[in-house]
Amino acid sequence: MRGQFTGWPEQAMDVLWQLQGEPTHETRERYRADRERLVRQPMIALLNEVADTDPRYEDFSVWHYRTDSWWWQHQGAVIRLGRKIEIGLRFSLDGLRIQGAWWYPDPGQVDMFRKAVASEGSGRELSAIVEDVRKKGYDISGDVMKRPPRGYPTDHSRTNLLHHRSLIAARSLGCEEWLHTPEAVDRVLSAAADLDALLMWLVRHVKRAA
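Let me sum up the structure you'll find in this document. Keep in mind the model is a prediction, meaning the values are calculated, not measured. (Residues numbered from 1 in each chain as written. Predicted model: local features only at pLDDT ≥ 70, side-chain atom pairs only at ≥ 80, totals over all residues. Heavy atoms only, no water.)

Residues Ala 12, Met 13, Val 15 and Leu 16 constitute the buried set of helix H1 (residues 11-18). Projection of H1 onto a plane perpendicular to its axis shows the buried side chains occupying an angular sector of 160°, all on one side. Close packing links the buried residues of H1 with helix H2 (25-53), helix H3 (69-73) and strand S3 (85-92). (Buried < 20%, exposed > 50% of the residue type's maximum accessible area, 1.4 Å probe, protein only. Helix = DSSP H or I, 4+ residues; strand = E, 2+ residues; numbered from the N terminus. Arc of directions from axis to C-beta. Contact = heavy atoms within 4.5 Å.)

This part is about the layout of surface pockets. Space inside the largest pocket adds up to approximately 380 Å³. Lining the largest pocket we find 18 residues, and of these Trp 63, Val 78, Glu 86, Gln 99 and Trp 103 sit closest to its centre. Mapped by element, the contributors of at least two residues to the lining of the largest pocket are H3, strand S2 (75-82), S3 and strand S4 (95-102). Roughly 200 Å³ of internal volume is contained in the second largest pocket. Ser 127, Val 130, Glu 131, Arg 134, Ile 140, Ser 157, Arg 158, Thr 159, Asn 160, Leu 161 and His 164 together form the lining of the second largest pocket. (1 Å grid on protein atoms, 1.4 Å probe; cavity = no way out; pocket = protein on both sides within 12 Å on 5 of 7 lines; lining within 4 Å. Points joined across faces, edges and corners; volume = space filled by probe spheres on them.)

Now for the packing of H1 against H2. Packed helix pairs are characterised by how far apart their axes lie and by the angle those axes make with each other. Direction vectors running N to C along H1 and H2 enclose 150°, while the axes themselves pass 9 Å from each other. When the axes of H1 and H2 are compared, the pair comes out roughly antiparallel. Pair H1 / H2 crosses with left-handed handedness. On H2, the residues touching Gln 11, Ala 12, Val 15, Leu 16 and Gln 18 of H1 are Thr 27, Tyr 31, Asp 34, Arg 35, Leu 38 and Val 39. Looking at side-chain class alone, the contact of H1 with H2 contains six nonpolar, three polar and two charged residues. (Axes fitted to C-alpha atoms, helices over the stretch in contact; angles between N-to-C directions. Parallel < 35°, antiparallel > 145°, perpendicular 65-115°, else oblique. Left-handed = near helix turned anticlockwise from the far one by under 90°. Nonpolar A, V, L, I, M, F, W, Y, C, P; charged D, E, K, R; others polar.)

With respect to the helices and strands, Arg 37 occurs in helix H2. For Arg 37, a relative accessible area of 52% corresponds to the exposed category. Of note is the side chain of Arg 37, whose polar atom sits 3.1 Å from the side chain of Asp 34. (Polar contact = N/O pair within 3.5 Å; in protein donor to acceptor, adjacent residues only side chain to side chain.)

The six strands lie next to each other as S1-S2-S3-S4-S6-S5, forming an open sheet whose pairing is antiparallel. If you trace the sheet from one side to the other, it starts and ends with strand S1 (60-62) and strand S5 (139-141), each paired once. Strand-to-strand, the axes of this sheet are offset by a mean angle of 15°, without reference to chain direction. Pairing of S2 with S3, which is carried by seven bridges, proceeds in the antiparallel orientation. Within S3, the residue paired with Gln 75 across the bridge is Phe 91. Together, S2, S3, S4 and strand S6 (167-174) form the strand contacts of helix H7 (residues 183-205), whose direction differs from that of S4 by roughly 10°. (Pairing = 2+ DSSP bridges.)

Moving on, we get to helix H4 (residues 109-118). An α-helical turn contains 3.6 residues, so any two residues separated by three or four positions project in the same direction. Every buried residue belonging to H4 is among Gln 109, Val 110, Phe 113, Arg 114, Ala 116 and Val 117, and all of these are buried. Each buried residue of H4 sits inside an arc of 165° when the element is viewed along its axis, so together they form one side. Summarising the contacts, the buried residues of H4 are in contact with S4, helix H5 (120-135), helix H6 (159-162), S6 and H7.

Time to look at the pattern of salt bridges. This model, assessed by the stated rule, comprises 17 salt bridges. In this structure, Lys 136 and Asp 132 form a salt bridge, with 3.2 Å as the shortest nitrogen-oxygen distance. For the salt bridge of Glu 183 with Arg 187, the shortest nitrogen-to-oxygen distance reads 2.9 Å. Residue Glu 183 and its partner Arg 187 are located together in helix H7, separated by four residues, close to a single helical turn. Connected through shared salt-bridge partners, Asp 132, Lys 136, Arg 171 and Asp 194 make up one network. (Salt bridge = Lys/Arg side-chain N within 4 Å of Asp/Glu carboxyl O.)

Structure (structure tokens):
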């Protein structure tokens with residue numbers, strides 16, 4: 001049901017500003033309730049609306065603050081789509097950032113990924129998807145080997161992808177006025193649509209290892 005999320009209040013930025021640097025325990029406790037109400041709870045409302053729009057996005061978590069100051073300054077959340085395959089969101093003074101990621105793979109998943117990359121049909125498909133995502137402004141990264149993986153020709157046409165042991169596409173969505181309005185839901189859904197082909201390819205080809 002749309003209408004839960006009204007945007008991050010402008011005061012959310014004031015709270016995050018107070019938590020910059022290395023805030024003391026006393027400072028963290030002073031702003032804990034405000035941070036929960038103004039920063040974390042809006043992220044939960046946002047993701048509830050995203051899930052209401054598309055049931056594939058129902059499995060999400062919104063992180064708490066932990067002990068490291070970085071976690072107090074950045075509100076993270078993930079939407080799980082498959083084993084080690086997820087959409088990540090991060091709200092901070094820099095605005096809202098999104099990424100689609102397959103990372104921290106289970107044993108055997110890297111081999112499954114490489115076999116799918118080397119296969120002519122699925123490999124060409126992924127190469128085209130990655131190029132399309134890159135053209136939309138996403139940075140492509142991951143855990144990348146310096147040497148070609150064993151068992152694959154060094155001159156393979158998709159050797160750059162074969163080097164990957166994880167694959168991440170990420171970009172900033174900005175820090176404009178829409179962050180403080182319900183429009184942020186549509187911004188996230190639009191970005192999720194950008195990442196959909198990549199993430200669904202990974203869901204199909206990088207399953208949980210046996």
